[in-house]
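What follows is each chain in one-letter form.
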Amino acid sequence: MQNQLFRRYWAFIFTLSLVFTLLIANLPSYALTVKDVPNPRREYAGWVTDMVDMLSPQAESQLNQMISQLEKQNGTEIAIVTVPETKPSPTPKEFTTELFNTWGIGKGGKDNGLLFLISKGDRRTEIETGYGIESILPDAKVGNILRQHVTPQFKKGNFEAGIITGTKALIRELGGNVQQASTEISYQAPSTAVTPQAQNTNPFIFLLLVLIALPLWRFIILPLTRFIFKIFAPTSSKREELSPSGTTRRSHITKKVCSRNSSSSSSSSSNDYSSDYSSSSSSDYSSSSSSDFGGGDSGGGGGGDDW
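Structure report, in brief. (Residues numbered from 1 in each chain as written. Predicted model: local features only at pLDDT ≥ 70, side-chain atom pairs only at ≥ 80, totals over all residues. Heavy atoms only, no water.)

All right, on to the overall build of the chain then. Looking only at helices and strands, one finds eight helices and seven strands in the chain. At a minimum sequence separation of 6, the contacts of the chain that also span at least 24 residues come to 72%. (Helix = DSSP H or I, 4+ residues; strand = E, 2+ residues; numbered from the N terminus. Contact = heavy atoms within 4.5 Å.)

Note that the residue after K87, namely P88, is joined by a cis bond; omega there is 10°. Turning to its location among the elements, P88 is positioned in the loop between β2 (77–83) and α4 (92–103). A positive phi angle, close to 55°, is found at D53, a residue other than glycine. Structurally, the position occupied by D53 is in the loop between β1 (48–50) and α3 (57–74). Even without glycine at this site, R123 takes up a positive phi of about 50°. Mapping R123 onto the fold places it in the loop between β3 (113–119) and β4 (124–130). Classification of R123 by relative accessible area gives partly exposed; the value is 33%. (Buried < 20%, exposed > 50% of the residue type's maximum accessible area, 1.4 Å probe, protein only.)

Turning to the pairing of β2, a few remarks are in order. Among the seven residues in β2, seven count as buried, and that is most of the element. Here β2 shows a buried face lined by E77, A79, V81 and V83 and a second buried face lined by I78, I80 and T82. Across three bridges, β1 lies against β2 in parallel orientation. Opposite D50, over in β2, you have T82 as the bridge partner. (Pairing = 2+ DSSP bridges.)

With that settled, the discussion passes to the packing of helix α5 (residues 139–155) against helix α6 (residues 159–173). At a minimum axis distance of 7 Å, the contact between α5 and α6 shows a crossing angle of 155°. Looking at the two axes, α5 sits roughly antiparallel to α6. In terms of crossing hand, the pair formed by α5 and α6 is right-handed. Contacts from K141, I145, H149, V150, Q153 and F154 in α5 reach F159, A161, G162, I163, T165, G166, A169, L170 and E173 in α6. Residue classes in the contact of α5 with α6 are distributed as eight nonpolar, five polar and two charged. (Axes fitted to C-alpha atoms, helices over the stretch in contact; angles between N-to-C directions. Parallel < 35°, antiparallel > 145°, perpendicular 65-115°, else oblique. Left-handed = near helix turned anticlockwise from the far one by under 90°. Nonpolar A, V, L, I, M, F, W, Y, C, P; charged D, E, K, R; others polar.)

On to the environment of G176. Summarising the element assignment, G176 is placed in the loop between α6 and α7 (204–232). The class for G176 is buried, based on a relative accessible area of 10%.

This part covers α5. Of all the bends in α5, the largest measures some 40° and sits at R147. Three or more residues of α5 are buried, namely V142, G143, I145, L146, V150, T151, Q153 and F154. Looking one or two residues beyond α5, the residue adopting positive phi is G157, at roughly 85°. (Bend = angle between axes of the 7 residues up to and from the residue.)

So, about the packing of α3 against α6. At a minimum axis separation of 11 Å, α3 and α6 run at an interaxial angle of 5°. Relative to α6, the element α3 is oriented roughly parallel. Across from A59, Q62, L63, M66, I67 and L70 in α3, the residues of α6 making contact are E160, I163, I164, T167, K168 and I171. Of the residues in the contact of α3 with α6, the class split is eight nonpolar, two polar and two charged.

As a further point, take the nonpolar core. One finds L99 and F116 to be the most contacted residues of the largest nonpolar core, which totals 48 residues. The set of elements that each furnish at least two residues to this core consists of α3, β2, α4, β3, α5 and α6. Ranked by residues supplied to this core, first place goes to α6 with six residues. Once residues within four sequence positions are removed from consideration, L99 is found in contact with V34, V37, V81, L115 and L117. (Core = buried A, V, L, I, M, F, W, Y, C linked by side-chain atoms within 4.5 Å.)

Moving on, we come to α6. With 15 residues, α6 should reach 21 Å at 1.5 Å per residue; the first-to-last C-alpha distance of 21 Å fits that figure. Burial analysis of α6 places 13 of its 15 residues in the buried class, the great majority of the element. One or two residues past the end of α6 sits G175, with phi positive at roughly 90°. (Expected span 1.5 Å × (residues − 1).)

Turning our eyes to something else, we now look at the packing of aromatic side chains. Across all of its chains, the model carries five aromatic pairs by this definition. On the basis of an interplanar angle of 15° and a centroid distance of 5.6 Å, the ring pair of W103 and F293 is categorised as stacked. Of this pair, W103 sits in helix α4 while F293 sits in the loop between α8 (270–275) and β7 (299–306), and the two are 190 residues apart along the sequence. The same class applies to W103 and to F293, which are both buried. Plain terms: the ring middles of F154 and W307 are 5.0 Å apart, the flat faces sit at 80° to each other, and that makes the pair edge-to-face. With F154 in helix α5 and W307 in the segment after β7, this pair connects stretches of sequence that are 153 residues apart. Grouping residues by exposure puts F154 and W307 together as buried. Over the face of the ring belonging to W47 we find R41, whose NZ or CZ atom lies 3.9 Å from the ring centre. (Phe/Tyr/Trp six-rings, centres within 6.5 Å; stacked < 30°, edge-to-face > 60°. Lys NZ or Arg CZ within 6 Å of the ring centre and 35° of its normal.)

Set out below in structure tokens:
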């Protein structure tokens, strides 16, 4: 009986270890596509999608209010998106252009949309502009805004301050009115940035881990565990001793089995990214009643910068 329990126990531990190894090995291989990015207009009639928690709820609310006011003034639409990385797209610029065109940012026929995208893993900021506002925000001016208002803050880890000050500068250029209050806002200490190299794990690493784990369990850990188990919990369950009345009784072997509550790690998929996405009700913002972007045709220009 004890031998059977022993085998089941270690078979469970071994299976759990393999599952955990599989999950860890597959985490870095996650690939983000534009379809995995939640559309804020459809989600909650807002303008911000923060997939990597660079923004506090207060900062996100402030950005939504400013963009909604601009959209009411002259119809210009701005989307702000933070993503963990832009792979497997060849470049962050191509990812930004594809997302801009997929959502159709800007009003139809006017192409007055703008996409402000921050890729934390690539350490890259991209701004895509529609053809309708390219004369107001040419590539050179977009680059200056990034270098003066956004990148210096990002290099210090002040992501909220960089996004808000950059958005205010863009809104001013687009003819909107923003509050002249100080842009100093509270922010949480930035977490360690995910480098692109950390995301490129070879799939054969998992096979290598399995090949190492199998002999390790078979020839080292399992025999050692059996030896220890025999010392502290001998399997002499068939030993019998006579009772004072001459009848036989089994010797009582006290055995304690520690049960462990193992919580399975959730798989890294596109739902993980969207589950942390903080949503707010549309009543918090004075945005238009549209449940989507206006249907702009395509992006025309813009710029980007590394931090």
